[in-house]
Amino acid sequence: MFIAVCGSLATDHLMKFPGKFADQLVADQLEHISLSFLVEDLVLHRGGVGGNIAYALGVLGNEPLLVGAAGGDFDDYEAWLSEHGVDCRGVQRSQTKHTARFMCTTDETMAQLATFYAGAMTEAGDIDLAAVVADRRPDLVLIGADDPAAMSRHTAACRAEGIEFAADPSQQLARLDGEAARDLIEGAAYLFTNEYEWGLLKQKSGLSDAQIADLVGVRITTLGSKGVDIIDTDGSVTHVNVVPVNEQVDPTGVGDGFRAGFLTGLSKGLNFERSAQLGAMVATLVLECESTQGWSWDPAAARERLSAAYGPDAAQEIANAI
């Protein structure tokens, strides 16, 4: 299965302040606030929904096509993704803006001050998906969180071209009205949400479970530590528990890892249960890593953990597939 991933690209600039922000704030002077914090370190991580999912698909042996917008500072990130099997020819380079950036400082109490610069992501809506895939038609397009205009345009392109797509609006649901949210999911072969996003989607769209089921194919709802539910078109539910975590480091990108593992399983002919188990394994690896793209796939270690979580038959079947 040839998979195209449409989604955001960003770099995270993470800093730590060895103190408390609260101690630096003067209550009756907040309207005149002017502060500078001397931080201990600076860590840069590659991220963005599109980048995270494409990276994970590549690590698992796929050759995904990445579609998104980045700036002139994307060279190192592109080289990294290419080294891990990602085709970056669908990434449009902005001539005036940097790649999106998340800049966050965390104090010793885990309080955070952060700024997000959308940058080149605002130009993702200029990308013509049909033109990008004209030379090689994907079997599935995953449309993840990105500039809303890009998400809408890519969804319309998939419908017009008759290309199967997976809707994954995730954090952008908060920015969408009901009509826009419905437009992004209608006709999707797969709908990915977490538990909160599922409730938000219903609230925004005004649609019931049954009405959404009429608009989409298979629904995949992640439940955090409680695992994931896959609801097939006939209403049957497959539940898969998580792979136990050795050490929780950072939850950022865990859902992206699950999606990549699940889609890899489907592309290799695994059923929903086995695909979700593979997705859960990848999600745990991301959770145990300090960055969304800092993990790697060790077949022997993964097989051992899959066996402990789901039994030797499941581990063997997944190992044979990938």
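Residues numbered from 1 in each chain as written. Predicted model: local features only at pLDDT ≥ 70, side-chain atom pairs only at ≥ 80, totals over all residues. Heavy atoms only, no water.

1. Looking at the nonpolar core
In a soluble, globular protein the nonpolar side chains are often hidden away together inside.
And step 1. Core analysis: the biggest nonpolar cluster contains 54 residues, and Tyr 190, Phe 192, Ile 220, Phe 262, Leu 263, Trp 295 and Trp 297 have the highest contact counts within it.
And step 2. Excluding residues that lie within four positions of it along the chain, Ile 220 makes contacts with Tyr 190, Leu 191, Phe 192, Thr 193, Val 228, Asp 229, Ile 230, Phe 258 and Phe 262.
And step 3. By size, the runner-up hydrophobic cluster in this structure holds 31 residues, among which are Ala 4, Val 141, Ala 188 and Trp 198. (Core = buried A, V, L, I, M, F, W, Y, C linked by side-chain atoms within 4.5 Å. Buried < 20%, exposed > 50% of the residue type's maximum accessible area, 1.4 Å probe, protein only. Contact = heavy atoms within 4.5 Å.)

2. What to know about the pattern of salt bridges
And step 1. Scanning all chains against the criterion turns up eleven salt bridges.
And step 2. One network of salt bridges, with partners in common, ties together Asp 75, Glu 78 and Arg 93. (Salt bridge = Lys/Arg side-chain N within 4 Å of Asp/Glu carboxyl O.)

3. Quick notes on the packing of aromatic side chains
And step 1. Applying the stated criterion to the full structure yields nine aromatic pairs.
And step 2. Each ring, one from Phe 74 and one from Tyr 77, has its centre 5.2 Å from the other, and the planes form 50°; the classification is tilted. Across the pair, Tyr 77 and Phe 74 agree in class, each one buried.
And step 3. Cluster of aromatic residues (ring-pair linked, three or more members): Phe 192, Phe 258, Phe 262 and Phe 272.
And step 4. The cationic tip of Arg 46 hangs over the ring face of Trp 80; the distance from NZ or CZ to the ring centre is 4.4 Å.
And step 5. Stacked on the ring of Phe 2, the Lys or Arg Arg 136 has its end atom at 3.8 Å from the ring centre. (Phe/Tyr/Trp six-rings, centres within 6.5 Å; stacked < 30°, edge-to-face > 60°. Lys NZ or Arg CZ within 6 Å of the ring centre and 35° of its normal.)

4. Comments concerning unusual backbone geometry
And step 1. For Ser 170, which is not glycine, the phi torsion reads 40° and is therefore positive.
And step 2. Topologically, Ser 170 is positioned in the loop between strand S9 (165-167) and helix H5 (178-185). (Helix = DSSP H or I, 4+ residues; strand = E, 2+ residues; numbered from the N terminus.)

5. Some details on the pairing of strand S6 (residues 100-106)
Remark: a regular strand shows side chains that alternate across the two faces of the sheet.
And step 1. Sheet topology note: the strand S2 (residues 10-16)/S6 ladder contains seven bridges and is parallel. Following the sheet pairing, Leu 14 is matched in S6 by Cys 104.
And step 2. Strand direction decides the pairing type here: S6 and strand S7 (residues 112-117), joined by six bridges, are antiparallel. Its bridge partner lying in S7, Cys 104 is registered against Ala 114.
And step 3. Between S6 and S7, which pair antiparallel and follow one another directly, the connecting turn spans five residues, one of which, Met 110, has a positive phi of 75°. (Pairing = 2+ DSSP bridges.)

6. What about the pairing of strand S13 (residues 237-240)?
And step 1. One ladder, built from four bridges, connects strand S12 (residues 228-231) with S13; its direction is antiparallel. Paired with Val 228 across the two strands is Val 240, which belongs to S13.
And step 2. Connecting the antiparallel pair S12 and S13 is a turn made up of five residues, with Gly 235 showing a positive phi of about 90°.

7. A few points about the sheet that holds strand S5 (residues 87-93)
Note: strands within a sheet are paired through backbone hydrogen bonds, in either parallel or antiparallel orientation.
And step 1. Taken together, nine strands build an open sheet; the order of strands is S5-S4-S1-S8-S9-S10-S11-S12-S13 and the sheet is mixed. Each having just a single partner strand, S5 and S13 make up the two edges of the open sheet. Here the average twist between neighbouring strands, direction ignored, is 20°.
And step 2. Two strands pair when backbone bridges link them, and strand S1 (residues 3-6) and strand S8 (residues 140-143) are joined in this way by four bridges, in the parallel orientation. For Cys 6, the partnering residue across the bridge sits in S8 and is Ile 143.
And step 3. Here helix H4 (residues 148-161) sits on the sheet in contact with S1, strand S4 (65-70), S8 and S9, set at roughly 160° to S8.
And step 4. Helix H9 (residues 272-287) contacts strand S10 (190-194), strand S11 (218-222), S12 and S13 of the sheet and is inclined by roughly 30° relative to S13. (Axes fitted to C-alpha atoms, helices over the stretch in contact; angles between N-to-C directions.)

8. Here we look at the layout of surface pockets
And step 1. The calculated volume of the second largest pocket comes to roughly 240 Å³.
And step 2. In terms of lining residues, the second largest pocket is bounded by 14 residues, among which Thr 11, Leu 44, His 45, Arg 46 and Tyr 77 are the most central.
And step 3. Listing elements by their share of the lining of the second largest pocket, those giving two or more residues are S2, strand S3 (42-47) and helix H2 (75-83).
And step 4. Per-element tally for the lining of the second largest pocket: the top contributor is S3, with three residues.
And step 5. Within the lining of the second largest pocket, the residues separate by chemical class into three nonpolar, seven polar and four charged. (1 Å grid on protein atoms, 1.4 Å probe; cavity = no way out; pocket = protein on both sides within 12 Å on 5 of 7 lines; lining within 4 Å. Points joined across faces, edges and corners; volume = space filled by probe spheres on them. Nonpolar A, V, L, I, M, F, W, Y, C, P; charged D, E, K, R; others polar.)

9. Structural notes on the sheet that holds S6
And step 1. The strand order S3-S2-S6-S7 describes an open sheet built from four strands, whose pairing is mixed. A strand with exactly one partner marks an edge of an open sheet, and here the two such strands are S3 and S7. Along the sheet, successive strands turn relative to each other by an average axial angle of 15°, direction set aside.
And step 2. In the packing of H2 onto the sheet, contacts are made with S2 and S3, and the angle to S3 comes to roughly 55°.

10. Describing empty space enclosed by the protein
And step 1. Scanning the model with the defined rule gives one cavity of 30 Å³ or more in all.
And step 2. Of the voids in this model, the largest cavity is the one considered here, and its volume is about 30 Å³.
And step 3. Asn 52, Tyr 55, Ala 56, Gly 253, Asp 256, Gly 257, Val 286, Thr 292 and Trp 295 are the residues that line the largest cavity.
And step 4. Counting only elements with at least two residues in the lining of the largest cavity, the list comes to helix H1 (49-59) and helix H8 (254-267).
And step 5. With three residues, H1 is the single largest residue contributor to the lining of the largest cavity.
And step 6. Counted by class, the lining of the largest cavity contains four nonpolar, four polar and one charged residues.

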